[in-house]
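# An overview of the molecular structure
Here is what each chain is made of, one letter per residue.
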Amino acid sequence: MPPTEPQAQPPRPFTLAGVSMADLLASCAAAEAVSRPPRAPGPEAAPRERRVDHREAA
């Protein structure tokens, strides 16, 4: 090989500069949380109606 040709170097692994895996996962979880519509209120969140079918104490 002539000395003027550059030697082939093995490829480096791809990394994101300055972003840890924990930060990446946290950002994905936050993006998913804000992209979903709010949950419908469950039956426990509804105002309780007064039951009429109960018996009075003696």
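For the structure itself, consult the block above.
Being a predicted model, the structure only gives us computed values, none of them experimental.

### Some details on the overall build of the chain
Within the chain, the regular secondary structure consists of one helix and zero strands. Here the chain holds 58 residues, and 0% of them are scored as buried.

### Description of a nonpolar patch on the surface
Together, Val19, Met21, Leu24 and Leu25 give the surface a local cluster of nonpolar side chains, amounting to about 370 Å² of exposed area. Mapped onto the elements of the fold, leucine 25 is located in helix H1 (residues 21-35). A residue is classified by how much of its surface remains accessible, and leucine 25, at 53% relative accessible area, is exposed.

### Considering the pattern of salt bridges
For the structure shown, the criterion picks out one salt bridge. Arginine 36 is the salt-bridge partner of glutamate 32, the closest N and O atoms lying 2.6 Å from each other.

Reading the values: rules and limits
- Residues numbered from 1 in each chain as written.
- Predicted model: local features only at pLDDT ≥ 70, side-chain atom pairs only at ≥ 80, totals over all residues.
- Heavy atoms only, no water.
- Helix = DSSP H or I, 4+ residues; strand = E, 2+ residues; numbered from the N terminus.
- Buried < 20%, exposed > 50% of the residue type's maximum accessible area, 1.4 Å probe, protein only.
- Patch = residues over 30% accessible without salt bridge, like charges linked within 9 Å, V, L, I, M, F, W, Y side chains within 5 Å.
- Areas by Shrake-Rupley, 256 points an atom, 1.4 Å probe, with all protein chains shown as cover.
- Salt bridge = Lys/Arg side-chain N within 4 Å of Asp/Glu carboxyl O.

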